[in-house]
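# Remarks on the overall topology
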Amino acid sequence: MKKTLAFSLLISGALLGYWACTTDEIAGPPIMPLCPSVNVASDSAAVCSGNPVTLTANTSGGTAACDDCADIDCTNGIDDDGDSSIDETDCTNSIDDDADGLVDEESEIYVILWNTGDNTQVITKNPTATTTYTVTVTDAGGCSKSSSKTVLVDPVVMVAASVLPLTGNSQVTNTPDVGGTVFNFTGLATGGIGIVDTSYSWTFGDGNTANTQNPTHTYVSPGTYSVTLTVTDDCTTTATDSSISIVVS
């Protein structure tokens, strides 16, 4: 009768995804393997060359190993705590026999391996080129899953400059009044890292400049003026737009 009870509880525990301890340091496989899931998270999607990025393998599910099953009371898969499952709480006299500082049946559920050779859940790297990091996790049942994250390094900056009032695509023509001709410039940068208002640098073609994203400028003399916008991000990556030509007559 005792063997029959132990067998039924072992089946019940397996269906719940647990490994039942059959002997010290030996785990019995469940009837239905439960594969783990994993996804890679990073603290930055893009970094400047040589700067650190931290990546974490977030894992769940899968089948646990019985790694601290010495001197415990689960030799026959007995539910000795009465919770209808055979799990780590059924190790009444467990010791840390794998010397990992934990007394836990399931403290080493996954084997983690990154394509960098690291085997820890969290890694920190200093890439100098855009890199894809892949982690593979394998559970105690031998089921493996992988996930990847691409970290951009020195991402490209793109910039566009515009101005009002506007006549045609790139030429502004206006007749100055007594106070001069005032133009409103707009800069728009995409990509890059750490672009702020002062990342924008304008030259207006008349010897004047501005360091703000959307400046205004007054032309006081007739003439043709070439306007250039340059944007520099935290990685010192630059982009330039010199498409605006202003004619003041």
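Below is a short write-up of the structure. (Residues numbered from 1 in each chain as written. Predicted model: local features only at pLDDT ≥ 70, side-chain atom pairs only at ≥ 80, totals over all residues. Heavy atoms only, no water.)

### Description of the sheet that holds strand β10 (residues 157–164)
The antiparallel open sheet is built from 3 strands, whose spatial order is β10-β12-β15. Two strands bound the open sheet, and with one partner strand each, they are β10 and β15 (216–219). Along the sheet, successive strands turn relative to each other by an average axial angle of 30 degrees, direction set aside. (Pairing = 2+ DSSP bridges. Helix = DSSP H or I, 4+ residues; strand = E, 2+ residues; numbered from the N terminus. Axes fitted to C-alpha atoms, helices over the stretch in contact; angles between N-to-C directions.)

### Quick word on the pattern of salt bridges
Applying the stated criterion across every chain, the model contains 1 salt bridge. Of the charged contacts, one joins K125 and D118 as a salt bridge, the two residues approaching to 2.9 Å between their closest N and O atoms. (Salt bridge = Lys/Arg side-chain N within 4 Å of Asp/Glu carboxyl O.)

### Quick notes on the sheet that holds strand β9 (residues 144–153)
Strand pairs in the sheet, formed through backbone hydrogen bonds, run parallel or antiparallel to each other. Overall, mixed pairing links the 4 strands, which are arranged β4-β9-β8-β6 in an open sheet. Every interior strand has two partners, whereas the edge strands, β4 (46–47) and β6 (110–114), have only one. Two elements, β4 and β9, share 2 bridges in a ladder whose sense is parallel. Across the sheet, the residue bridging to A46 is L152, located in β9.

### Looking at the state of the cysteines
The final tally for this structure, using the stated rule, is 2 disulfides. A sulfur-sulfur separation of 1.9 Å characterises the disulfide bridge that pairs C35 with C143. Measuring the twist about the S-S bond at about 90 degrees, one finds the C35-C143 disulfide to be right-handed. Of this pair, C35 sits in the loop between β2 (26–28) and β3 (36–42) while C143 is found in the loop between β8 (131–139) and β9, placing the two residues 108 residues apart along the sequence. (Disulfide = S-S within 2.5 Å.)

### Examining the pairing of strand β12 (residues 181–191)
One ladder, built from 8 bridges, connects β10 with β12; its direction is antiparallel. Across the sheet, L164 pairs through a bridge with N184, a residue of β12. One ladder, built from 4 bridges, connects β12 with β15; its direction is antiparallel. Paired with F183 across the two strands is H217, which belongs to β15.

### Focus on the side chain of S147
Structurally, the position occupied by S147 is in strand β9. By relative accessible area, S147 is classed as buried at 13%. A distance of 3.3 Å separates the side chain of S147 from the backbone nitrogen of V40, its partner in a polar contact. With residues near it in sequence (within four places) discarded, S147 still touches V38, N39, V40, Y133, T134 and V135. (Buried < 20%, exposed > 50% of the residue type's maximum accessible area, 1.4 Å probe, protein only. Polar contact = N/O pair within 3.5 Å; in protein donor to acceptor, adjacent residues only side chain to side chain. Contact = heavy atoms within 4.5 Å.)

### Let's talk about the environment of T132
Note that T132 resides in strand β8. A relative accessible area of 39% means that T132 is categorised as partly exposed. Along the sequence, T132 and L152 sit 20 residues apart, while their C-alpha atoms lie 8.7 Å from each other. Those residues in contact with T132, other than ones at most four positions away along the chain, are N115, S148, K149 and T150. Side chain to side chain, T132 and T150 meet in a polar contact 2.7 Å long.

### Comments concerning the nonpolar core
Counting residues in hydrophobic clusters, the biggest one holds 20 residues, and the most contacted among them are F185, W202, Y219, V227 and I246. Where this core is concerned, the elements lending two or more residues are β10, β12, β13 (200–203), β16 (223–232) and β17 (238–248). Setting aside residues up to four positions removed in sequence, F185 forms contacts with S162, V163, W202, F204, Q213, N214, P215, H217, Y219, V227, I244 and I246. If you look at the next biggest cluster of nonpolar residues, it comprises 15 residues, including V38, V53, A57 and V153. (Core = buried A, V, L, I, M, F, W, Y, C linked by side-chain atoms within 4.5 Å.)

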